[in-house]
Amino acid sequence: MYDTDTRKVLSALCHGAIFFNFLLLSIGLPITILFTTQDPVVKENAKEAINFHLNVWLYGIIIGALILASFGVLGFVGFFWFLVHWGLTIWALFHVLSNSETAFRYPFIFRIV
């Protein structure tokens, strides 16, 4: 049996790490938690958070290239992506804090890990 409070905190840290910054620290936290915890739900949340980080970076590069190629005309796409990725993260945090028995699964992402 795993501690529910610890599970909630670690899972929330995995998903909420994207708010820290867009550099390696944000993905480093879920990677560290993945390798240090024994809780299977926390491990699944860490893997999902890592996959989400990779997707955010990939889509960010694609959207950034589109904005540059259109000389800024497609800037609204970047703003929309910003809202989507923050909204999904907030949804994930709400899920792991209210339902600690299951891992959160982001919709429409590529799962590499």
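Residues numbered from 1 in each chain as written. Predicted model: local features only at pLDDT ≥ 70, side-chain atom pairs only at ≥ 80, totals over all residues. Heavy atoms only, no water.

### Topic: a nonpolar patch on the surface
Inclusion rule: Patch membership is restricted to residues that have no salt bridge and whose relative accessible area is over 30%. Joining uses 9 Å for like charges and 5 Å for the nonpolar side chains Val, Leu, Ile, Met, Phe, Trp and Tyr. All accessible areas in this document rest on Shrake-Rupley with a 1.4 Å probe, and a residue is counted as covered only by the protein chains that are shown. The working definition used for a salt bridge is a side-chain nitrogen of Lys or Arg within 4 Å of a carboxyl oxygen of Asp or Glu. Secondary structure counts use DSSP, requiring at least four H or I residues in a row for a helix and at least two E residues in a row for a strand, with both numbered from the N terminus. Only protein chains enter the accessibility calculation, which uses a 1.4 Å probe; a residue whose area is less than 20% of its type maximum is buried, one above 50% is exposed, and one in between is partly exposed.
On the surface, Leu58, Ile62, Leu66, Phe110, Ile112 and Val113 cluster together into a nonpolar patch covering about 580 Å² of accessible area. Mapped onto the elements of the fold, Leu58 is located in helix H3 (residues 40-69). In this structure Leu58 comes out as partly exposed when scored by relative accessible area, which is 40%.

### Some words on helix H4 (residues 75-98)
For clarity, the cut-off: What a helix should span is 1.5 Å times the count of its residues minus one. Only heavy atoms enter the contact rule, under which two residues are in contact if any of them lie within 4.5 Å.
Under the 1.5 Å per step criterion, the end-to-end length of H4 is 35 Å for 24 residues, consistent within 8% with the ideal 34 Å. Residues of H4 that are buried: Trp81, His85, Leu88, Thr89, Ala92, Leu93, His95 and Val96. Against the buried residues of H4 lie helix H1 (4-16) and H3.

### Some thoughts on the pattern of salt bridges
Per the stated rule, a full pass over the model turns up five salt bridges. The residue Glu101 makes a salt bridge to Arg7 at a minimum N-O spacing of 3.4 Å. With Glu101 in the segment after H4 and Arg7 in helix H1, the pair connects residues that are 94 residues apart, well separated along the chain. The shortest N-O distance in the salt bridge between Lys47 and Glu44 comes to 3.8 Å. Here Glu44 and Lys47 lie together in helix H3, a separation of three residues that amounts to about one turn.

### Remarks on the confidence of the model for the protein
The test is simple: Per-residue confidence from the predictor is reported as pLDDT, which spans 0 to 100.
Per-chain confidence: the protein averages 93 in pLDDT, with 98% of residues scoring 70 or above. For the protein, per-element mean pLDDT is lowest for helix H2 (residues 24-36), which scores 92, and highest for H1, which scores 96.

### Regarding the nonpolar core
Keep this limit in mind: The criterion is simple. A nonpolar core is a set of buried Ala, Val, Leu, Ile, Met, Phe, Trp, Tyr and Cys residues joined through side-chain atoms within 4.5 Å.
One finds Phe52, Val56, Phe104 and Tyr106 to be the most contacted residues of the largest nonpolar core, which totals 13 residues. Among the secondary structure elements, those contributing two or more residues to this core are H3 and H4. Among the elements that line this core, the one with the most residues is H4, at five residues. Residues contacting Phe52, with those up to four places away along its chain left out, are Ile18, His85, Leu88, Thr89, Tyr106 and Ile109. With eight residues, the next largest nonpolar core counts Cys14, Ile33, Leu34 and Ala46 among its residues.

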